[in-house]
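Secondary and tertiary structure notes
Here's the letter readout for the chains.
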Protein chains: 2
Amino acid sequence: MNKNKLRIIPIGGLGEIGKNMLAIEYGNDIIVIDAGLMFPHEDMPGVDIVIPDISYLVKKKDKVRGIVITHGHEDHIGALPYILPQLDVPIYASKLTRDLIAVKLKERRNLSKARLKMINPGTSFNLGVFNIEPFSVCHSIPDAVGLMINTPLGLVVHSGDFKIDYTPVDGKGTDLSRLAQVCAKGTLLLLADSTYAELPGYTPSESVVGETLNRIIGAAKGRVLIATFSSLVSRIQQILDAAVAYKRHVFIVGRSMKDIVRMALENGYLSVPNGVILQPEDLHRFPNNQVVILMTGSQGEPTSALVRVANQDNGQIRIVPGDTVIMSASPIPGNESLVNRTMDNLFRQGADVIYSKLAQVHVHGHASQEELKLLLTLVKPKYFVPVHGEYRHLCIHSKLAKSVGVQENNIFIMENGDILDIDSEQGRVTGRIPSDNIYVDGLVMGNYANVILRDRKLLSRDGIVVVTVAIDRSSGKVIGKPDILSRGFVDTEEGKMIIEQGRALVATALTHRDNHPVDRSLINIKIKDTLARFFYEQTKRRPMILTTTLEV
Amino acid sequence: MNKNKLRIIPIGGLGEIGKNMLAIEYGNDIIVIDAGLMFPHEDMPGVDIVIPDISYLVKKKDKVRGIVITHGHEDHIGALPYILPQLDVPIYASKLTRDLIAVKLKERRNLSKARLKMINPGTSFNLGVFNIEPFSVCHSIPDAVGLMINTPLGLVVHSGDFKIDYTPVDGKGTDLSRLAQVCAKGTLLLLADSTYAELPGYTPSESVVGETLNRIIGAAKGRVLIATFSSLVSRIQQILDAAVAYKRHVFIVGRSMKDIVRMALENGYLSVPNGVILQPEDLHRFPNNQVVILMTGSQGEPTSALVRVANQDNGQIRIVPGDTVIMSASPIPGNESLVNRTMDNLFRQGADVIYSKLAQVHVHGHASQEELKLLLTLVKPKYFVPVHGEYRHLCIHSKLAKSVGVQENNIFIMENGDILDIDSEQGRVTGRIPSDNIYVDGLVMGNYANVILRDRKLLSRDGIVVVTVAIDRSSGKVIGKPDILSRGFVDTEEGKMIIEQGRALVATALTHRDNHPVDRSLINIKIKDTLARFFYEQTKRRPMILTTTLEV
């Protein structure tokens, strides 16, 4: 590769929400930013998670100097356990992010030797030819950073996931001042978060939620149950503050919420007077109007504390009329029906459920249009690549960049796997690397993942019919009647008759061939044709038909 | 049933969006309001549509005087073709609604004798003991009505689907004046639309969209493609008006849109100067800035015109850079990812796509909170039953009713199948009728629908493994090696090895039994246990395992 070219390759996170990963390459050095997972869509049945394809990095692994992580959300760190076995390079992350990665890697014992390095906003470090200075950004998890990366061709800024909050609850805003200073003379390239580029205006400050929580908790006559993300530490702080303000005790339910609160208290991310947080066992000692219960389940996750409560399946907590439940989160796209079902069940048991459509009990963690324009204005990039977002988000973000003065032909709307080469003259997309989804379903699924997923979708549409035929090995003749089993196809008495008729039809169809040597593939075709037509006529359904011929 | 009781039974549409149907019964008379379908959720794989369970009505069919339809949307008329064969009663509907039902029934020839009667706002009619006066309501389809139903116990008002629009495009607003007059002395019972009870404030007027369309079409330099619902006639009128204002011709693509525009023009629901609407064949005769293309596909429906265009699969229309596409609709819950994918594909081909998050190119057709309070205030009901909506919508609507003075114990949050009995003293829920979902998948699915759907979901999760074993009929011994087939489970070389190892394990497991008489159910259990454990160890997946033993 030409030494005077800076190469930018988004490996994941473009044209989709999740599995964020991007490579920056110059000469003999590659750095990687983030290594996230994506949660499966509804057209990926049975898939647990989706990770980026790192085959390009594996091929060049001697050049890869490290993976720099911008923050500790799953869509930025979740692929690490799957990637490190093939790409054993150091990981650079700020304190909380590092701690969260350490927990994740500890769960897989073979990764205990991973090299985790801590980075700090304002303190630059070198990776090969690159000098990197992290800067604080505000996001829905503490210790998030963006990156200012000095390259031989000039400064590259990566925003990470960010919003701008002038009154952040933890006091750590996006460091606009440092950014303005470093970028004063302009920047070669800006890579910026597009997740909420659709939204006009400004994203409200996290502290707005505090006001709402205070109002609701202050007015509540009974218990207040609050569900939020365990990583949304600022929100938890505001919940603790509101509880203290109204002389309520806080009970934390669920392992992940307990773990993170304990860790955040120990490390100074949270502060609360002694005696406010109590064990759920002590719940019965307090009247309902002195109780706040904090838990996960804001996304309707089936095993979460709130969903168990909603399903009357939690050992400690039953909803009683007079309870107020606050859903302090918005449903992530795809989770809407799970969340709605959970809320409906809570209402059914007499709770008053307050959610983001009814009151400002949540603000999101990404920049809206005016904030994106502010970033562009401060960074003054020559080249611009919108990252993190579905294709329309990237397009809309590009329009914003154009509106504040970035030249249209210096804006690159890229897709995963595209290679952008920038030299001292120009930037252009010069090729592609492999960038397919890698599916994890128990094991990492291989090249045939698409076949498997297609079959699963077919199976779920109209079910399956299995036909078994025995063939005499010596004579090659069909023995007896074929056997038919079905699942997910028909199941009434009428359905059983249809199956039985299908069986008779197959028997007849095969009898005609009695005097010829048997060709198994012909038998299969005959069975499938006969049954597909008959079943469709009878039921208007097209089950998958599988035949197995057994030679005996 | 006691003659002095008024019985209200929601058969569908409560706790869900869709399949609206409600029965009102007094003495020997039953009237039914609406007969809608519901589109399947993602946990109903392979299901085409869902309809209400009418077994209660069929049992009492001699009492059913008719079905009164409030408007022509599928969630209010879509179940008629499935219901009429069992419940052959007259159908009452306003003009457009009747015409839409007629088209639907004509497609099924056996229903050509259905008795379709036309009703008019302001003209009352009798059904048994009930006297019914329809009143105009504003909704996202013309000729929608609510119903004022005089019963021996007092006046019952059913809102139908409605919003309040003081500047309706077709000039037909919700008839608040007539409603106020008839309800002046108060009403026994109000049944009102809860679909958007979550939304504070007022739903904007349809005419707001006209302003946005004018602005966008006026500013567009190239073609403008607009997708909306074919039944949203007011929107189509505004699109035609904007096209005329900017001297553009309108080309209509797709059968359903063409059919409804033709019908609406013939019947005076739409008006447009001659020569504005042209055939798609003439598209090439006009420069891009004189063209508006109207089509369906706003929900990302795979076979719709817009989706074919987005997939470069439409014979007449290809996107060219400079095209503006307006999505003049919001995604119905569940359709978001289809809609997003469609928009992303349009952006990819260079279109500028404008959708409801970016500009007010759509307003919805249901009342928001202030409108619901206005209805409650004019109708002054003693009893209130929120209808049409998921459970939380019903709860929130009930709170609104309480806030404007309806007594809390006179508000009934009901579920499908609940029986509300009202006498001169009080109302109370006294029992239930059958109210399960009836699934249609080609055929109407029977009692085992839940088993079928459960199997389809299982099949889609980790696929299926089919094991075939031949048994000698006379000796009862297993013959040869078992055969194993799989779909949707594993498909790599490694996977094939796992299957082969499983086959060997089963063979060994069955050998142990060689000297005993064979018990087929024991064989099945043994095979399943052996394989389930082995496959889970190897793959962390749990495919459905089906065994078939063939006696030969």
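In this convention, every chain numbers its residues from 1, walking through the sequence in written order. Chain letters and ligand numbers both follow the written order, the letters beginning at A and the numbers at 1. Only residues with pLDDT of at least 70 are given local features in this predicted model, and only at 80 or more are side-chain atom pairs given and counted; all residues enter the totals for whole chains, interfaces and linings.

1. Some thoughts on the overall build of chain A
- A tally of helices and strands in chain A yields 15 helices and 26 strands.
- In terms of principal-axis extent, the alpha carbons of chain A reach across some 90 × 70 × 45 Å.
- Residues with at least 20 neighbouring C-beta atoms inside 10 Å of their own are called buried, those with 12 or fewer are called exposed, and the rest are partly exposed, where every C-beta is derived from the backbone. Residues counted as buried form 50% of the 552 residues belonging to chain A.
- Throughout, a pair of residues is in contact if the C-beta atoms placed from their backbones lie within 7 Å. Pairs at least 24 residues apart make up 72% of the contacts formed inside chain A by residues separated by at least 6 positions. Secondary structure follows DSSP: runs of H or I at least 4 residues long count as helices, runs of E at least 2 residues long count as strands, and numbering of each begins at the N terminus.

2. Focus: the environment of B:L505
Residue and element names in this part refer to chain B.
- Relative to the helices and strands, L505 resides in helix α14 (residues 493-511).
- The spacing of L505 and G417 is 88 residues in sequence and 52 Å in space, taken between C-alpha atoms.
- Beyond its immediate sequence surroundings of up to four residues, L505 is in contact with T530 and F534.

3. Topic: the interface of chain B and chain A
- Each partner contributes residues to the interface: chain B has 56 residues there, and chain A has 56 residues.
- Counting only elements with at least two residues in the side of chain B that touches chain A, the list comes to α10 (336-348), α12 (391-403), α13 (449-462), β24 (464-471), β25 (478-487) and β26 (544-551) of chain B.
- If one sorts the elements of the side of chain B that touches chain A by residue count, α13(B) sits on top with nine residues.
- The residue classification treats Ala, Val, Leu, Ile, Met, Phe, Trp, Tyr, Cys and Pro as nonpolar and Asp, Glu, Lys and Arg as charged. All others, Gly included, are polar. Among the residues making up the side of chain B that touches chain A, the classes are represented as 22 nonpolar, 15 polar and 19 charged.

4. Thoughts on the pairing of strand β1 (residues 6-12) of chain B
Residues and elements named next belong to chain B.
- When you tally the buried positions in β1, you get six out of seven residues, the bulk of the element.
- As defined by bridge partners, β1 adjoins strand β20 (residues 418-422) across three bridges and the pair is classed as antiparallel. Its bridge partner lying in β20, I8 is registered against L420. Two strands are said to pair when DSSP picks up at least two bridges between them.

5. Considering the sheet that holds strand β18 (residues 352-354) of chain B
Residue and element names in this part refer to chain B.
- Pairing is parallel in the open sheet, where six strands are placed in the order β15-β14-β16-β13-β17-β18. Since the sheet does not close on itself, it has two edges, and those belong to β15 (277-278) and β18, each with one partner.
- Sheet topology places strand β14 (residues 249-253) next to strand β16 (residues 291-295); five bridges connect them, and they run parallel. For I252, the partnering residue across the bridge sits in β16 and is L294.
- Axis geometry follows a simple rule: fit a line to the C-alpha atoms, using only the stretch in contact for helices, then measure angles between N-to-C directions, giving values from 0 to 180 degrees. The strands touched by helix α8 (residues 255-266) are β14 and β16; relative to β14, the strand with the most contacts, the crossing angle is about 125°.

6. Some thoughts on unusual backbone geometry
All names here are of chain B.
- Of note in this structure, D143 is not a glycine but carries a positive phi near 60°.
- Counting through the fold element by element, D143 comes out in the loop between β9 (130-136) and β10 (145-151).
- Although it is not a glycine, K540 adopts a positive phi angle of roughly 60°.
- In this structure, K540 sits in the loop between α15 (520-539) and β26.

7. Looking at the packing of helix α6 (residues 206-219) of chain B against helix α7 (residues 233-245) of chain B
Residues and elements named next belong to chain B.
- Here α6 crosses α7 at 35°, and the two axes come no closer than 9 Å. For α6 against α7, the interelement crossing comes out right-handed. Residue-level contacts link E206, V209, G210, L213, N214 and I217 of α6 to S234, R235, Q238, I239, D241, A242, A243 and A245 of α7.
- The residue makeup of the contact of α6 with α7, split by class, is seven nonpolar, four polar and three charged. Two helices that cross are described as forming a left-handed crossing if the nearer one is turned anticlockwise from the farther one by less than a right angle, and a right-handed crossing if clockwise.

8. A few points about the relation of the copies chain B and chain A
- All copies are superposed by least squares; the fitting set is the C-alpha atoms of residues with a pLDDT of at least 70 in both. Rotating chain B by 180° and translating it 0.0 Å along the rotation axis places it on chain A, where the RMSD comes to 0.1 Å. Look at the turn and shift together and you get a two-fold axis relating the two. Closest approach to the rotation axis within chain B is made by the C-alpha atom of B:S460, at a distance of 2.6 Å.
- Of the interface residues in chain B, 100% have counterparts in chain A that sit at the interface too, so the contact is made through matching surfaces.

9. Brief notes about helix α6 (residues 206-219) of chain A
- A helix is expected to span 1.5 Å for every residue after the first. Over its 14 residues, α6(A) runs 21 Å from end to end, which matches the ideal 20 Å to within 8%, given 1.5 Å per residue.
- Of the surrounding elements, those touching the buried residues of α6(A) are β13 (224-227), α7 (233-245) and β16 (291-295) of chain A.

10. A closer look at the domain arrangement of chain A
- Split by domain assignment, chain A resolves into domain 1 (6-201 + 364-444), domain 2 (206-354) and domain 3 (463-551).
- Delimitation of the domains relies on an automatic or database domain assignment. Taking the mean C-alpha position of each, domain 2 of chain A and domain 3 of chain A sit 56 Å from one another.

11. Side note on the sheet that holds strand β21 (residues 427-432) of chain A
All names here are of chain A.
- Strand order in the open sheet made by the eight strands is β7-β6-β5-β3-β2-β1-β20-β21, with mixed pairing throughout. Each end of this open sheet is capped by a strand with a single partner; those strands are β7 (116-118) and β21. Taken over all neighbouring pairs, the strand axes of this sheet differ in orientation by 25° on average, direction set aside.
- Pairing of strand β3 (residues 29-33) with strand β5 (residues 64-68) involves four bridges; the strand directions are parallel. Counterpart to I31 in the pairing with β5 is G66.
- Across the face of the sheet, helix α4 (residues 95-106) comes into contact with β6 (91-93) and β7 while running at roughly 165° to β7.

12. Things to note about helix α8 (residues 255-266) of chain A
Residues and elements named next belong to chain A.
- The end-to-end C-alpha distance of α8, which contains 12 residues, comes to 16 Å, matching closely the 16 Å that a straight helix rising 1.5 Å per residue would cover.
- For α8, the complete set of buried residues consists of M257, I260, V261 and A264. Here the buried residues of α8 occupy an arc of 100° about the axis, which is enough to place them on one side. Exposed and oriented more than 90 degrees from the buried face of α8 are R255 and E266.
- Along its buried surface, α8 packs onto α7, β14 (249-253) and β16.
- Once α8 ends, the next one or two residues include G268, with phi positive near 80°. Here the arc refers to the directions that run from the helix axis out to each C-beta atom.

13. Looking at the packing of helix α12 (residues 391-403) of chain A against α10(B)
- Taken N-terminus to C-terminus, the directions of α12(A) and α10(B) make an angle of 50°; their axes are 8 Å apart at the nearest point. The angle between α12(A) and α10(B) falls in the class oblique. Across the interface between the two elements, A:Y391, A:R392 and A:C395 of α12(A) pack against B:M343, B:D344, B:F347 and B:R348 of α10(B).
- Grouping the constituent residues of the contact of α12(A) with α10(B) by class yields four nonpolar, no polar and three charged. Each angle gets one of four labels, with under 35 degrees taken as roughly parallel, over 145 as roughly antiparallel, 65 to 115 as roughly perpendicular, and the rest as oblique.

14. What about the pairing of strand β12 (residues 187-193) of chain A?
Residues and elements named next belong to chain A.
- Most of β12 is tucked away, with six of its seven residues classed as buried.
- Where strand β11 (residues 154-158) and β12 come together, three bridges link them in parallel fashion. Note on β12: the bridge partner recorded for H158 is L191.
- Convention used here: a crossover is right-handed provided that the path from the first strand, over the helix, to the second strand proceeds clockwise when the strands point away from the viewer. Remark: the β11/helix α5 (residues 176-182)/β12 crossover connection has right-handed handedness.

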